[in-house]
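Report on the structure
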Amino acid sequence: MAENMVAVEIITPDRVFYTGEAKMIEFNTTEGEIGVYPKHIALTTVIAPGIVTITTEDDSVKAAVHAGFAEILPDKVTLLAEIAEWPDEIDVERAHAAEERARDRLAKKDENLDVMRAEIALKKALVRQNIKV
């Protein structure tokens, strides 16, 4: 591996989603956005729903990632994600429908509503739509 590169692995319960090298990887955490370059300090953090951008030597690729954990080491970044999707794997109509359902649930303010769960569903739907733009 080149000195100016970091190994990247994204793993979901269903598959090894991505393995490769990157000049940088960007993703959302519960504390905000993070960008990781080679030789980053060691860190473990919680992933928030968002778009992951992997910048390679020649290109960059994007994927939707929906929650999980990230382990950052000086020479490797591992994302253990609940769900990871390439843009071409996303059904935009289904994401629009999920957004509407989540917004309806939040607007009704039912006393039995799990607000956090509805907000996370809304975030996931919006991430799926935003990566397709």
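Below is a summary of the structure that appears in this document. (Residues numbered from 1 in each chain as written. Predicted model: local features only at pLDDT ≥ 70, side-chain atom pairs only at ≥ 80, totals over all residues. Heavy atoms only, no water.)

1. Digging into the overall build of the protein
Quick note on the threshold: Only DSSP runs of H or I reaching four residues or more are called helices, and only runs of E reaching two or more are called strands; each is numbered from the N terminus. Each residue is placed in one exposure class: buried if its accessible area under a 1.4 Å probe, protein chains only, is under 20% of its type's maximum, exposed if it is over 50%, and partly exposed if it falls in between. For this analysis, residues touch if any pair of their heavy atoms sits within 4.5 Å. Note on areas: these come from Shrake-Rupley sampling with a 1.4 Å probe, and a residue is covered only by the protein chains present in the view. Only four residue types enter the charge count, namely Lys and Arg as positive and Asp and Glu as negative; His and the chain termini do not. Think of each charge as sitting on NZ of Lys, CZ of Arg, CG of Asp or CD of Glu.
Looking only at helices and strands, one finds two helices and ten strands in the protein. Order of helices (α) and strands (β) in the protein, N terminus to C terminus: β-β-β-β-β-β-β-β-β-β-α-α. Within the span of the protein, comprising 133 residues, buried residues form 41% of the whole. Contacts in the protein between residues far apart in sequence, at least 24 positions, make up 51% of those at least 6 positions apart. Carbon and sulfur atoms provide 50% of the accessible area of the protein, an area that totals close to 8,000 Å². Computed over 16 positive and 25 negative side-chain charges, the inter-centroid distance for the protein is 5 Å.

2. A word on the pairing of strand S2 (residues 16-22)
Filter applied, for reference: Pairing between strands requires that DSSP locate at least two bridges from one strand to the other.
Looking at chain direction, strand S1 (residues 6-11) and S2 are connected through six bridges and run antiparallel. Across the sheet, Ala-7 pairs through a bridge with Glu-21, a residue of S2. The turn joining S1 and S2, which pair antiparallel and follow one another in sequence, is formed by four residues.

3. Structural notes on a nonpolar patch on the surface
Quick note on the threshold: What makes a patch is a set of residues exposed beyond 30% relative accessible area and free of salt bridges, joined within 9 Å when like-charged and within 5 Å when nonpolar (Val, Leu, Ile, Met, Phe, Trp, Tyr). Each reported salt bridge corresponds to a side-chain nitrogen of Lys or Arg within 4 Å of a carboxyl oxygen of Asp or Glu.
A surface patch of nonpolar side chains, amounting to about 270 Å² of accessible area, comprises Val-46, Phe-69 and Leu-80. Looking at where Val-46 falls in the secondary structure, it is placed in strand S5 (residues 43-47). A residue is classified by how much of its surface remains accessible, and Val-46, at 35% relative accessible area, is partly exposed.

4. Notes on helix H2 (residues 115-131)
Stated formally: Each helix should span, by expectation, one fewer than its residue count multiplied by 1.5 Å.
Taking 1.5 Å of rise per residue, the 17 residues of H2 would be expected to cover 24 Å, and the 24 Å separating its terminal C-alpha atoms lies within 8% of that figure. For H2, the complete set of buried residues consists of Ala-118, Leu-122, Lys-124, Ala-125, Val-127, Arg-128, Gln-129 and Ile-131.

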